[in-house]
Amino acid sequence: MKDAATLQVNEVFEVLKTSPNGLTSEEANRRLTEHGPNVLVEKKHASILYKFGVQLKDLFGVLLLFASLLAAVDAVWENDFSMWEMSAIILAVVLINAVFSLFQEWRAEKAMETLKSWMPEYAKVIRDGELKKILVRDLVLGDVIVLEEGDRVPADARLVEAFDLWTNNVPLTGESEPQPRTIKAIKTVDSSYLDVPNLVFMSTSVATGQ
């Protein structure tokens, strides 16, 4: 399937098998059953010791631990203090790398929690040709979402209509200035999807327009 950002508006409807009138309630329920709810999937919480052990299990970490062990054995065998130093340095590298990886994982988990807190509970959609208010978790592929000034975006989406639309992307990019949005298709995604003007993203908000 082509990238959503490169599709013309009529192609978006065609690919997602929907229309400006939205899905029927029956089709929406079928897709919800097939694809599941629109929720952020969280990893099961594990103990810090388990996470630390996982960091040491990758091939590079195992090789370094083995090298540290060999250096320690050689230090005992040759009674060479410098090999003890070598063993300690290698072990320190492994531990520092594991701690850094744990810190990165912790930051990712906190970012996920922040995104969840910014998600709205309800979304406005066109279904059965009518404007309806539904739970965000019940959104499915092909739903036509309606956004207005002050609304939080309930899911990543491709714009098919936009009237003087600007979004506040602070939760994702840190940019304090609102960014203009458009429905125009682009040729290719050259950098981050966050820079693509015909897309909107979950947890951002509508600054102006609709």
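Owing to the predicted nature of the structure, the values given are computational and were not obtained by experimental measurement. (Residues numbered from 1 in each chain as written. Predicted model: local features only at pLDDT ≥ 70, side-chain atom pairs only at ≥ 80, totals over all residues. Heavy atoms only, no water.)

Each helix and strand counted, the protein has 6 helices and 8 strands in total. In the protein, the order of α-helices and β-strands from amino to carboxyl end is α-α-α-α-α-β-β-β-β-β-α-β-β-β. For the protein, the proportion of its 210 residues judged to be buried stands at 29%. Sequence separation of 24 or more characterises 61% of the internal contacts of the protein that already satisfy a separation of 6 or more. For the protein, the computed accessible surface area is about 13,700 Å², with 60% contributed by carbon and sulfur atoms. (Helix = DSSP H or I, 4+ residues; strand = E, 2+ residues; numbered from the N terminus. Buried < 20%, exposed > 50% of the residue type's maximum accessible area, 1.4 Å probe, protein only. Contact = heavy atoms within 4.5 Å. Areas by Shrake-Rupley, 256 points an atom, 1.4 Å probe, with all protein chains shown as cover.)

Quick look at the environment of glutamine 8 now. Among the secondary structure elements, glutamine 8 is positioned in the segment before helix H1 (9–15). Residue classification places glutamine 8 among the partly exposed positions, given a relative accessible area of 45%. Separated by 177 residues in the primary sequence, glutamine 8 and alanine 185 have C-alpha atoms spaced 5.5 Å apart. Those residues in contact with glutamine 8, other than ones at most four positions away along the chain, are Arg158 and Ala185.

Moving on, we come to the pattern of salt bridges. As a working rule, side chains carrying opposite charge can pair if their charged atoms are close by. As enumerated under the stated definition, the model contains 7 salt bridges in all. One salt bridge in this structure joins arginine 30 and glutamate 27, with 2.8 Å as the shortest N-O distance. With a gap of 3 residues between them, arginine 30 and glutamate 27 both fall in helix H2 (residues 25–35), about one helical turn apart. Where arginine 127 meets aspartate 143, a salt bridge forms, and the shortest distance between an N and an O atom there is 2.8 Å. Linking arginine 127 in strand S1 (residues 122–127) with aspartate 143 in the loop between strand S2 (130–135) and strand S3 (144–146), this pair joins segments that are 16 residues apart in sequence. For arginine 127, a relative accessible area of 8% gives the class buried. Of the residues examined, aspartate 143 reaches a relative accessible area of 12% and is grouped as buried. Residues joined in a network through salt bridges with shared partners are Glu27, Arg30, Arg31 and Glu34. (Salt bridge = Lys/Arg side-chain N within 4 Å of Asp/Glu carboxyl O.)

Once that is clear, we can look at the pairing of S1. Sheet topology note: the S1/S2 ladder contains 6 bridges and is antiparallel. Among the inter-strand pairings, lysine 124 is bridged to a residue of S2, identified as lysine 133. From the end of S1 to the start of S2, which pair antiparallel, there are 2 residues, and aspartate 128 there has a positive phi angle of about 55 degrees. Strand direction decides the pairing type here: S1 and S3, joined by 3 bridges, are antiparallel. Pairing of valine 125 across the sheet is with isoleucine 145, part of S3. (Pairing = 2+ DSSP bridges.)

On to the packing of aromatic side chains. Enumeration over the complete set of coordinates arrives at 0 aromatic pairs. Geometry around tyrosine 122 places lysine 133 over its ring, the cationic atom sitting 4.9 Å from the centre. (Phe/Tyr/Trp six-rings, centres within 6.5 Å; stacked < 30°, edge-to-face > 60°. Lys NZ or Arg CZ within 6 Å of the ring centre and 35° of its normal.)

Another point: the sheet that holds S2. In space, the 3 strands of this open sheet follow the order S2-S1-S3, with antiparallel pairing throughout. Here the strands that pair on one side only, and so sit at the sheet edges, are S2 and S3. Put simply, the sheet's adjacent strands are angled 45 degrees from each other on average, direction ignored. (Axes fitted to C-alpha atoms, helices over the stretch in contact; angles between N-to-C directions.)

Moving on, we come to a nonpolar patch on the surface. Where nonpolar side chains cluster on the molecular surface, the patch consists of Phe66, Leu69, Leu70 and Val73 and spans about 400 Å² of accessible area. Along the polypeptide, valine 73 turns up in helix H4 (residues 59–78). For valine 73, a relative accessible area of 47% puts it in the partly exposed group. (Patch = residues over 30% accessible without salt bridge, like charges linked within 9 Å, V, L, I, M, F, W, Y side chains within 5 Å.)

Attention now moves to the sheet that holds strand S6 (residues 179–180). Here 3 strands make up an open sheet; going across it, the order is S6-S5-S8 and the pairing antiparallel. Every other strand in the sheet has two partners, leaving S6 and strand S8 (205–208) as the edge strands with one partner each.

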